[in-house]
Amino acid sequence: MNIKHISVPIISISAILLCASCTQRQERSRNADKYDSWKESLADSIETVSKARQLTEDSLTNAYSQVDSMLRNFTYVENPREVEGYTILSSARSSYPLSRTGLSARLSKSGDFEIIAVHSGSPFTSISLSDGISSVSTSEIPADQGLNYRTGSLTTMLISGDDAAAVGEFILKAGDKPVSVSYGKTRSRLNTTDASTVASTWKLASLRKEITRMERNLQLLSKKADAFRRAAM
């Protein structure tokens, strides 16, 4: 019987250990590279957040200054006929509430922007504005002796929320362009005094709203910066 011998290559233990050692070194090197990349990315994140925070702080400082300047033209009024006080453009105080067809604006005690639409003649439940190119309309507000009430020949409607904001923004953007207002089926030209009152009041309200947004964003950026710094320690 013939016995064949199969030659099996024998790898020395030292060679195996050497290979394992090389693999470990390569793995440690890759991990070190990943860590360095992570640290570099973290540093970039901290720098980005710091710049965003500084920019927001600068914007807030500028916005605070603008609001302080604008508030000099406004007056806070405590009216016994109203549930709570309100802020109104000082030049419009003597003619408020309106006793004629037109629009006025004010800020509630909580700072919400409100439009007061008045029409002498037929009652209405909504208004629409047009500058000849674009237009905006409010939602229907039924006569309820609360937000929409009638006194003699005057119908007065209080518009708030998104509808008021849309009207304020429309008038502010219209600038010097003539704007017509439809009170139901009756249309009339918005006089420049009313347009100025609404635009100025909305500008103040929107700036305050932007300040609130930036203050919240600043808090978020501060939390992010703290988290990144803790991670870098």
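Preceding this paragraph is the structure being described.
Presented here is an overview of the structure given in this document. (Residues numbered from 1 in each chain as written. Predicted model: local features only at pLDDT ≥ 70, side-chain atom pairs only at ≥ 80, totals over all residues. Heavy atoms only, no water.)

Summarising the element assignment, S180 is placed in strand β9 (residues 180–183). Contact partners of S180, with chain neighbours within four places excluded, come to S128, L129, S130, R187, S188, R189 and L190. (Helix = DSSP H or I, 4+ residues; strand = E, 2+ residues; numbered from the N terminus. Contact = heavy atoms within 4.5 Å.)

Let's shift gears to helix α2 (residues 161–174). In this model, α2 (14 residues) spans 20 Å end to end at C-alpha, consistent with the 20 Å of a helix rising 1.5 Å per residue. Those residues of α2 lying buried are A164, A165, V167, G168, F170, I171 and A174. Residue G175 follows α2 closely and has a positive phi angle near 60 degrees. (Expected span 1.5 Å × (residues − 1). Buried < 20%, exposed > 50% of the residue type's maximum accessible area, 1.4 Å probe, protein only.)

This part is about the environment of S134. Inspection of the secondary structure assignment puts S134 in the loop between β5 (127–130) and β6 (135–137). By relative accessible area, which is 34% here, S134 ends up partly exposed. Between the C-alpha atoms of S134 and A174, which are 40 residues apart in sequence, the distance is 9.6 Å. Ignoring any residue separated from it by four or fewer positions in sequence, one finds S134 in contact with L129 and F170.

Turning next to the sheet that holds β6. Here we have four strands laid out as an open sheet, ordered β6-β5-β9-β10, and antiparallel in their pairing. Looking at strand neighbours, the two that pair on one side only are β6 and β10 (186–189), the edges of this open sheet. Direction aside, neighbouring strands of the sheet carry axes that sit 20 degrees apart on average. With respect to the sheet, α2 is in contact with β5 and β6, its orientation differing from that of β5 by roughly 20 degrees. (Pairing = 2+ DSSP bridges. Axes fitted to C-alpha atoms, helices over the stretch in contact; angles between N-to-C directions.)

Tracing the backbone through its elements, the reader meets A117 in strand β4 (residues 113–120). Among the residues examined, A117 registers a relative accessible area of 0% and is labelled buried. A sequence separation of 15 residues divides A117 from G102, and the C-alpha atoms of the two residues are 6.1 Å apart. Excluding residues that lie within four positions of it along the chain, A117 makes contacts with G102, L103, F124, I127, T155, T156, M157, I159 and Y183.

Moving on, we come to the nonpolar core. The biggest cluster of nonpolar side chains holds 49 residues, and the ones touching the most others in it are L103, F113, I115, I127, L129, I159 and I171. For this core, the element with the most residues is helix α3 (residues 192–232), which contributes 10 residues. Discounting chain neighbours no more than four positions away, the residues touching I115 are L103, S104, A105, M157, L158, I159, A164, V167 and V198. (Core = buried A, V, L, I, M, F, W, Y, C linked by side-chain atoms within 4.5 Å.)

A few words on unusual backbone geometry. Of note, the amide linkage connecting Y96 to P97 takes the cis form, showing an omega dihedral of 0 degrees. Relative to the assigned elements, P97 resides in the loop between β2 (86–89) and β3 (102–108).

On a regular strand, each side chain points to the face opposite its neighbour's, so the side chains alternate between the two faces of the sheet. Pairing between strand β7 (residues 148–151) and strand β8 (residues 154–159): four bridges, direction antiparallel. Across the sheet, residue N148 finds its bridge partner in β8, namely M157.

This brings us to the environment of T87. Residue placement: T87 occurs in strand β2. Overall, the relative accessible area of 13% leaves T87 in the buried class. Sequence separation of T87 and F113 is 26 residues, and the distance between their C-alpha atoms is 9.6 Å. Among residues more than four places away in sequence, those in contact with T87 are F74, T75, Y76, R106 and L107.

Now for the packing of aromatic side chains. This model, assessed by the stated rule, comprises three aromatic pairs. Arranged with centres 5.4 Å apart and planes meeting at 75 degrees, the rings of F124 and Y183 form a pair that is edge-to-face. Pair noted here: F124 is in the loop between β4 and β5 and Y183 is in strand β9, with a separation of 59 residues, a long-range link. Here the basic side chain of R106 rests over the ring of Y86, its NZ or CZ set 5.1 Å away from the ring centre. (Phe/Tyr/Trp six-rings, centres within 6.5 Å; stacked < 30°, edge-to-face > 60°. Lys NZ or Arg CZ within 6 Å of the ring centre and 35° of its normal.)

We now examine the sheet that holds β4. Strand pairs in the sheet, formed through backbone hydrogen bonds, run parallel or antiparallel to each other. Reading across from one edge, β1-β2-β3-β4-β8-β7 is the order of the six strands in this open sheet, with antiparallel pairing throughout. The sheet is open, and its two borders are formed by β1 (74–77) and β7, each paired with just one other strand. In this sheet, adjacent strand axes meet at a mean angle of 30 degrees when their direction is disregarded. The strands touched by α2 within the sheet are β3, β4 and β8, with β4 carrying the most contacts at an inclination of about 80 degrees.

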